[in-house]
Amino acid sequence: MATALRTTLYSSYSDEQLVGLLRDNDEEAFAEIYHRYWDKLLAIGFHHARNKEVAEEIVQDVLLSLWNRRHSMEIDRPAAWLATAVKFAVFKTLARENRRKDLLQGHTASTDTDVTQFDEELLAAKFLKEYLDGLVSGLPEQCRLVFVYSRDHQLSTKEIAETLNLSTKTVESHLTKALKTLRHLLGNYRFFSLAAACFHIFLKKI
């Protein structure tokens, strides 16, 4: 009975609460995250891999990675982190499989180290951008609009202020908040280190 009550209690926790418990080595918090996201992650993995066994193996590895990284990473949004990690892992797996097939068929071009590294860097950049877009969508509405107008439309602070009917000081405040939040969150994702560095450079230019 006690275990059942405890399990029910964990199911009522928010993702943020579970992550906090996870950092304290709480295995039941990990179990709750595992069961909460297994089906969703498996659906994402299967959608991209079109192979249930491959998808299951990748999701299992990603979830275990979450546990293994619990002390070294501040995972503020586990749903976004896990979804992006699964998609990234699927595409890396497919890329490796395609290179293996090319090698078996005698296509030596696929063994070129520079090409391989370039492919993986493109994948990292693609999925980090997708993750970044997800983070941006979670910003407060005005903060998000200010960032989008600055990043995607290259509007100046004055132009954004006129468009949104805000003071330039308010626009600057929203932009500073957005950049600070995104830099903090992106800094926690070391498996995207190269692409993250590129985005940090991009953010500094805004």
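Everything discussed here concerns the structure shown above.
Only a predicted model underlies this, so the values are computations on that prediction, with no experimental measurement involved. Position numbers for residues start from 1 in each chain and track the written sequence from start to end. With pLDDT at 70 or above as the cut-off, local features in this predicted model cover only qualifying residues; side-chain atom pairs require 80 or more to be listed or tallied, and sums for whole chains, interfaces and linings still use all residues. Hydrogens and water molecules were not included; the side-chain quantities draw on all heavy atoms of the structure.

**Q** Mind showing me how you'd approach the overall build of the chain here?
**A** Numbering goes from the N terminus for both helices and strands, where a helix is a DSSP run of H or I of at least four residues and a strand is a run of E of at least two. Looking only at helices and strands, the chain features 10 helices and zero strands. Moving toward the C terminus, one meets the helices and strands of the chain in the order α-α-α-α-α-α-α-α-α-α. Accessible area is worked out with a 1.4 Å probe on protein chains only. A residue is then buried under 20% of its type maximum, exposed over 50%, and partly exposed in between. Scored against the burial criterion, the 206 residues of the chain give a buried share of 37%. Contacts are assigned to residue pairs that have any heavy atoms within 4.5 Å of one another. Considering only residue pairs separated by 6 or more positions, the chain has 61% of its internal contacts joining residues 24 or more positions apart. Using the Shrake-Rupley algorithm and a 1.4 Å probe, accessible areas are obtained, with residue cover drawn only from the displayed protein chains. Of the roughly 11900 Å² of accessible surface on the chain, a fraction of 54% belongs to carbon and sulfur atoms.

**Q** What is the right way to read the nonpolar core from this model?
**A** Soluble, globular proteins show a tendency: their nonpolar side chains are buried together. Among buried residues, those of type Ala, Val, Leu, Ile, Met, Phe, Trp, Tyr and Cys that are joined through side-chain atoms within 4.5 Å constitute a nonpolar core. In terms of nonpolar packing, the biggest core is built from 26 residues, with Trp-81 and Leu-82 touching the most fellow members. In terms of residue count, the dominant contributor to this core is helix H3 (residues 27–49) (nine residues). Sequence-distant contacts of Leu-82, defined by excluding residues within four places in its chain, comprise Ile-33, Tyr-37, Leu-41, Val-62, Leu-63 and Leu-66. Listed in part, the 18 residues of the second largest apolar core include Leu-132, Ile-160, Leu-164 and Leu-182.

**Q** Any chance you could explain the pattern of salt bridges here in plain terms?
**A** Opposite charge on two side chains makes pairing possible when the charged atoms of those side chains draw close. Salt bridges are counted wherever a side-chain nitrogen of Lys or Arg sits within 4 Å of a carboxyl oxygen of Asp or Glu. Going through the model one piece at a time under the given rule, you end up with five salt bridges. We note a salt bridge from Asp-133 to Arg-151, for which the minimum N-O separation is 3.2 Å. Of the two residues, Asp-133 is situated in helix H6 (residues 113–137) and Arg-151 in helix H7 (residues 141–151); the sequence distance between them amounts to 18 residues. Look at Asp-133 and you get partly exposed, because its relative accessible area is 29%.

**Q** Looking at this structure, I do not really get the packing of helix H2 (residues 15–23) against H3. What am I missing?
**A** Angle between the axes and distance between the axes are the two parameters that describe a pair of packed helices. Here H2 crosses H3 at 140°, and the two axes come no closer than 8 Å. Classified by the angle their axes make, H2 and H3 are oblique. Every pair of crossing elements has a handedness; the one defined by H2 and H3 is left-handed. The segment H2 lies against H3, with Asp-15, Leu-18, Leu-21 and Leu-22 engaging Ala-29, Phe-30, Glu-32, Ile-33, Arg-36 and Tyr-37. Three classes are used: nonpolar for Ala, Val, Leu, Ile, Met, Phe, Trp, Tyr, Cys and Pro, charged for Asp, Glu, Lys and Arg, and polar for all others, with Gly counted as polar. A class-by-class count of the residues in the contact of H2 with H3 yields seven nonpolar, no polar and three charged. To obtain an axis, a line is fitted to C-alpha atoms, over the contacting stretch when the element is a helix, and the angle between two such axes runs from 0 to 180 degrees between their N-to-C directions. For classification purposes, an angle smaller than 35 degrees is called roughly parallel, one larger than 145 roughly antiparallel, one from 65 to 115 roughly perpendicular, and anything else oblique. Two helices that cross are described as forming a left-handed crossing if the nearer one is turned anticlockwise from the farther one by less than a right angle, and a right-handed crossing if clockwise.

**Q** Looking at this structure, how should I read unusual backbone geometry?
**A** For residues other than glycine, phi is negative in most cases, and the peptide bonds are mostly trans. If you check the backbone angles, Asn-25 has positive phi at about 65° while not being a glycine. Relative to the helices and strands, Asn-25 resides in the loop between H2 and H3. Positive phi outside glycine occurs at Asn-165, with the angle close to 60°. Mapped onto the secondary structure, Asn-165 falls in the loop between helix H8 (157–164) and helix H9 (168–186). Assessed through its relative accessible area of 70%, Asn-165 is described here as exposed.

**Q** Help me out: how do you make sense of H8 in this one?
**A** Owing to its 3.6 residues per turn, the α-helix brings residues three or four apart onto one side. Burial in H8 covers these residues: Ile-160, Ala-161 and Leu-164. The buried residues of H8 occupy an angular sector of 100° when projected down its axis, which confines them to one face. Opposite the buried face of H8, by more than 90 degrees, sit the exposed residues Lys-158 and Glu-162. Of the residues one or two after H8, Asn-165 is the one with positive phi, at around 60°. What the arc covers is the set of directions going from the helix axis to the C-beta atoms.

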